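Each chain is listed here by its residues.
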Amino acid sequence: MKLTPKVTLLAAGVLAATSLTACAGGTASAGSGGATQPKLTFIQGVAGDEFYVSMQCGIDAAAKAAGATVNTQGPAKFDPTLQKPIVDSVVASQPDAILIAPTDVAAMQAPLKAAAAAGIKVVLVDTTVEDPSFAASAIASDNKGGGLEAFKAIKNLSPSGGKVLVISTDPGVSTADARVAGFEDGAKADSSFEYLGVQYSHNDPAEAAKLVSAALAKDPDIVGVFAANTFAAEGTATGIRQAGKQDQVKIVGFDAGPAQVKQLKDGVVQALIAQEPASIGTQGVDQAIKAINGESTQKEIQTGFKQITAENISGDGAQYVYKSSC
Amino acid sequence: MTTTEAVPRTAGTASEISRAHTLKQVLQVQSFQILLVLLVIFLAFSALAPEVFPTWGNVRQIIQNVSILGVLGIGMTFVIVTSGIDLSVGSNLVFSGVVAAKVMQAMGGSGWGTAVVGILVAVGCGLGWGLLNGVLIAKAKVPPLIVTLGTLGGALGLAQVITGGVDIREVPAVLQDTIGYGNVPGTTLPTISLLAIVLILIFGTVLHRTRFGLYTFAVGSNEESARRVGVKVDRQLISIYVLSGGLAGVAGILSLSQYGTTAIAGQSATNLNVIAAVVIGGTSLFGGVGTIFGTVVGLFIPAVLQNGFVIVGIQPFWQQVAVGAVLVVAVYVDQRRRAAAARGHAAKADGKRKLFGRRSR
Amino acid sequence: MTTIPVLEARGLTRSFGNVRALDGVDFDVNAGEVVALIGDNGAGKSTLVKALSGNLALDSGKILFAGGEVELGSPSEASRLGIETVYQDLALAPHLNAAQNMFLGREIAKPGFQGRLGFMDNKTMRAKSREAFDELGATVRSLSDPVGSMSGGQKQAIAIARAVAWAKGVIFLDEPTAALGVVQTRNVLETIRRVRDKGVGVVFISHSMPHVIDVADRVQVLRLGRRVATYEAKKTSVEELVGAMTGALDGAHS
C-alpha cells in the first residue's frame, strides 16, 4: 500500500512540472539572455506541418542573424479554438513581436488586436485577418499569382492547348479561392485553352476521383487538371487512371511537402507549384525587427512561387521542397 | 453525525471507523487530489516564470479560454455519471452557432433584439440534438458512443450544408462586445466566465443536491435497480442528454460571441478535451461517480499546462504528452480505487489507518 | 378458514419459446403469514416471483390482491399496492449510500418551495433509515459510505430493510440467506418473523429446508411450473418436502 493513488497522482504532477524544466533548454531557443536581445514568438497555423516547419527554419535563421530569440508554438490542428488560447498565453509572456499564421480571419482578429494594443508588434505570415491594420506587416504568397503559375505549368506540359479543369478543396477557403481565380484568369486569357470551371472535392480523394471521372465522361479531351491540394491530386490521378487517360491529362499540384514531392516522383502529378515559406519567414523577421526598432515597415509583402517538375526536382527545384526539420 | 448505535448480536468491529470521516474523505476524493496536482503545476510555473505566470492578467485569460469548455463540461459530467458519453457536443455547438448566425444574419441589426433571438435559436438547436441523442439512447437502446458519433457527423454535416462550408462572420456587435470580450462591469472578470460560473453553480447544485442529480447517479450506478424502485430511467437519460445538448447550444452562442465567426472547421478537438477534463476530474467512465467541481479542476489542468508551456517556451508537442499523461494517471487512480473497493472496504480502511498511524507518530 | 389471501395467483402461465416456465400455477399468501416457496432449480420460483412483483408479463391467469383482480404491469404498480421484493442480486445502487438506497424512488422532499425545486430532506431520510435499520437489528456501519464498499451481509440487511420499510401487503425474499453467515442468517430469519407479526404476508424462497421449516407457517412446492403440494410447516418434515420437490412422492399424496 505504499503507492497510494493520491501519492501516485501527486508524483505525476510533480513529474510533469519538473520534466518541463528539463526539456525547456533543449527544445526552444528562448532564454533570458541579454536584455537587448529582441524576443520573438512564432505561432504556426498547425504544429508539425512541413509548410510551417520550413517557415520556422527561415525564421530561426533570420532571427539568429539578427541576434533575436524565437519561441515557436502552434496548435495541434488548424483550428482557431485551439490557436486562440495559445495567442493569449503568448501575449501574457510579453514578447517584443509575434509572427503568426492566423487560423481564421474573424476569430483571430480580436486576440491579435489585443496583442498589438499591449505593445507587441504583430507580423502576419501566410494567412491574414479581416482588418490587418494593426499589424506591422502582412507577408503572404501571392496566391492569385500561384494559380496563374499553375496554369503556366499546364501550358508548359500541354503547349497545344485544350480543356482544363480545377479540383479544389472546399469553397470559402480564401487562399484556395485566390489560386482558382488566378488559374481562371490565366486560362481565360489564353484562347487556345478552354476553362471548364472548378469542382470541390471536400478533401476526399474518392470524391475527387468521382468528379474527374464524370468530367472526363462529359469532356473526354481534357488536357490538364489543377489539383489544389494533395488529396485532390490523389483522387484526380485515380480518376484519370480509371479512364485510361494518364498520357493525355496532365496534373499540376500545389505545395511541395514530402507527400506532394512523392506524388511528383511517382508520376501521379507532373508539376508542383511550391510556395516559399522560408522566404516568408525571413522577411517576417526582418519586418518584425524593423518594427521593434521603430523603423518603418512594409505593410504588405507578397512572395513568389517556383514550378517544380521531374526535370528540376534534383536540381534547382530541390531547395524549394518543404522541410520536415531544419 | 452518522455513527452507529451499538447493535446487539453483532460484532461491532467497524462501527468506529466512520467517525474520523471528514478530512480523510476529502483527501480520498479524486477532485481534491487533482486540485493538489493543479496547485503543484501552478506553483511550478510560478517559480519558472514569476513575473509573467502568476499574474491576474494571465490567470484571467486562462479562465476566459476555459469558460466555453466549462459550459460543455457541465453536461458532459451528467452524461458520464450515467456511464454514457456525448461525442456530439462540439458539432452540436457548431451547428447551433451556424443556425443562430444564419437567423441573426437574416434579421439584420446588431442590437440586443437580434442577439436574444440568436441566443434562443442556438439553445433550441442544442436542445433538439440533445433530444435526438436521448431518445435514441434511452428508447431505441443504441449505445451512446454510436448515437453521439452519428450526431457528431450529422450536426457538422448539416452545418456545412446550411452554410456551403463558408463561415458566417456577421455576428451582432453587442454579443461580441459584451459576452465575447466584455468584462463584468466594474471588474476585470470576463463576462463569458461569469456566465460559465453561474451555470456551473446552478448545475453543480442540481447534480449534488437535488432528486434529479440523485437519479443521475442512481442510473449510472445500477440502471436496473433504479428501474425496479420506480425511477423513470428512460426519462432521466433523455433529460440528461437534452441538458448536454442545451448547454452545447449555449456554448454555441458563446463561441459565436467570442470568435465572431461560426468556425465550422473549429472545435475539432472540443469533445475529447471536455471528456478528458471530466475524467481527469474524477468522474468515472463506468458511471455512478463524479463531481462538477472535479470537472472544473480537470479543465484547468490542461489549460494551465498549455499556458505555462507556451510562456516557458516549450515545444507544443510536449503539451499533449503532459496532458495525456495526466489523463492516463487519473484513469489509473480511478481503476485502483475500484479494485480496492471490490477487494472489500474493511481491508482498505485498515490499510489506510496504518498509513495514517505511521505518519502521525 | 374464510380469510381472503392478501395475494393470490390463479392459473398463471407463461412460456419462453417452447419452455413452459409457468404452467397454470396457483399460489396464495395470507396477511401475517410466512409462506415458503420451494422447488428444484427450474421449477418456476423466480419466474413466479417476477410475475407477482410486476416484472413479467403473463400469457394467462389472474392475480388477486386482497380479493380484487389486479394488473401488475410494472414494479412501481406492485410497489403502490405494498408489494416489495428483495432480489437475489440485491438490486442496490452500489455508488449510493445506505440512506439514498433506502429512499431511492421515494425521496422525501424538503418542505415548501425548495422541495418543489427538487431539493431533498436528507436529514429526515437519514434519521428514518437509521430507525429502520435499528428496528431490524441490522448493522449498517455508515449511512454515508457507498453500499458498494460494504460486505454482502450489510448489503443484504439494507436491501431487506428497504423492502420491509415499504412493504404494506406482501414481501418476497428470494434466497435472502444464500450468501450469509450463521449470525446474519439468524438475523434475517428473526426479521422475517418480525415482519410477519406486523401483519405483512412474507414469501420466503429458499433451498435450505431447515430454515424453511424453522420460519415458515406454510410451505408451497413448485415443480415444472405448477404448485404440486402445500404443507403446514409444523406438520411436515425435510424428507417429505424433498420428496415433493423431486416428485418421488407422487401418487402417495394427492
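Overview of the structure. Quantities reported herein were computed from a predicted structural model and do not represent experimental measurements. (Residues numbered from 1 in each chain as written. Chains lettered and ligands numbered in written order. Predicted model: local features only at pLDDT ≥ 70, side-chain atom pairs only at ≥ 80, totals over all residues. Heavy atoms only, no water.)

### Notes on the overall build of chain C
Threshold: By the criteria applied, helices consist of DSSP H or I runs no shorter than four residues and strands consist of E runs no shorter than two, each listed in order from the N terminus. Only protein chains enter the calculation, and the probe is 1.4 Å; a residue is then buried if its accessible area is under 20% of its type maximum, exposed if over 50%, and partly exposed in between. Whether two residues are in contact is decided by their heavy atoms: any pair within 4.5 Å suffices. Using a 1.4 Å probe, the Shrake-Rupley method yields the accessible areas, and only the shown protein chains count as cover for residues.
Tallying secondary structure elements over chain C gives 9 helices and 10 strands in all. For chain C, with 254 residues in total, the buried portion stands at 56%. Relative to all contacts within chain C whose residues are 6 or more apart in sequence, the contacts with residues 24 or more apart total 63%. Accessible surface for chain C amounts to roughly 10,900 Å². Of this, 51% is attributable to carbon and sulfur atoms.

### Re the packing of helix H12 (residues 270–280) of chain B against helix H13 (residues 292–312) of chain B
All names here are of chain B. Basically, it comes down to this: Helix axes are fitted only over the stretch in contact, all axes being lines through C-alpha atoms; the angle between N-to-C directions runs from 0 to 180 degrees. Angular relationships are summarised with four words: roughly parallel below 35 degrees, roughly antiparallel beyond 145, roughly perpendicular across 65 to 115, and oblique for the angles in between. When the near helix sits turned anticlockwise from the far one by under a right angle, the crossing is termed left-handed; a clockwise turn instead gives a right-handed crossing. When residue character is reported, Ala, Val, Leu, Ile, Met, Phe, Trp, Tyr, Cys and Pro are called nonpolar, Asp, Glu, Lys and Arg charged, and the others, Gly included, polar.
Closest axis-to-axis distance for the H12/H13 pair is 7 Å, and the angle between their directions is 120 degrees. For the element pair H12 / H13, the angle class is oblique. Judged by the sense of rotation from one axis to the other, the crossing of H12 with H13 is right-handed. Mapping the contact onto sequence places Ala277, Val278 and Ile280 in H12 and Gly294, Thr295, Gly298, Leu299 and Ile301 in H13. Per-class residue counts for the contact of H12 with H13 are 5 nonpolar, 3 polar and no charged.

### What about helix H7 (residues 182–197) of chain C?
All names here are of chain C. Filter applied, for reference: Each helix should span, by expectation, one fewer than its residue count multiplied by 1.5 Å.
In this model, H7 (16 residues) spans 23 Å end to end at C-alpha, consistent with the 22 Å of a helix rising 1.5 Å per residue. Contacts made by the buried residues of H7 are with strand E3 (34–39), helix H5 (122–136), helix H6 (152–166), strand E7 (170–174), strand E8 (201–205) and helix H8 (209–215). Looking one or two places after H7, you find Gly199, whose phi comes out positive at around 95 degrees.

### Considering the state of the cysteines
Residue and element names in this part refer to chain A. Note the cut-off: The definition used for a disulfide is geometric: two cysteine sulfur atoms within 2.5 Å.
For the structure on display, the rule yields 1 disulfide over all chains. The partner cysteine of Cys57 in its disulfide is Cys326, sulfur to sulfur 2.1 Å. Residues Cys57 and Cys326 share a disulfide whose torsion about the S-S bond is about -105 degrees; that sign makes it left-handed. One end of the pair, Cys57, is in helix H2 (residues 50–66); the other, Cys326, is in the segment after strand E12 (306–309), and 269 residues separate them in sequence. Since its relative accessible area comes to 10%, Cys57 is described here as buried.

### Comments concerning the nonpolar core
Proteins that are soluble and globular tend to have nonpolar side chains buried together. Threshold: To form a nonpolar core, buried Ala, Val, Leu, Ile, Met, Phe, Trp, Tyr and Cys residues must be joined to one another through side-chain atoms within 4.5 Å. These domain boundaries are the output of an automatic or database domain assignment.
Core analysis: the biggest nonpolar cluster contains 139 residues, and Ile301(B), Phe133(C), Ile171(C), Ile192(C) and Val219(C) have the highest contact counts within it. Viewed by domain, this core spans two of them, domain 1 (1–82 + 167–254) and domain 2 (94–166) of chain C, each represented by three or more residues. Look past the residues within four positions of Phe133(C) in its chain and what remains in contact with it is Ala98(C), Met102(C), Ala138(C), Val140(C), Leu143(C), Ile158(C) and Ala161(C). Listed in part, the 50 residues of the second largest apolar core include Val70(A), Ile240(A), Ile289(A) and Ala291(A).

### Points about the environment of Ser257(B)
All names here are of chain B. Selection criterion: For this analysis, a polar contact is any N or O atom pair within 3.5 Å, provided that within protein one partner can donate a hydrogen and the other can accept it, and provided that sequence-adjacent residues contribute only side-chain to side-chain pairs.
By the secondary structure assignment, Ser257 is in helix H11 (residues 233–259). On the accessibility criterion, Ser257 (0% relative accessible area) is buried. At a separation of 2.7 Å, a polar atom in the side chain of Ser257 contacts the main-chain carbonyl oxygen of Ile253.

### Some details on the environment of Thr127(A)
All names here are of chain A. Tracing the sequence through the fold places Thr127 in the loop between strand E4 (121–125) and strand E5 (137–141). Sequence separation of Thr127 and Ser174 is 47 residues, and the distance between their C-alpha atoms is 8.9 Å. Leave out the neighbours within four places in its chain, and Thr127 touches Ala101 and Pro102. Of note is the side chain of Thr127, whose polar atom sits 2.7 Å from the backbone oxygen of Pro102.

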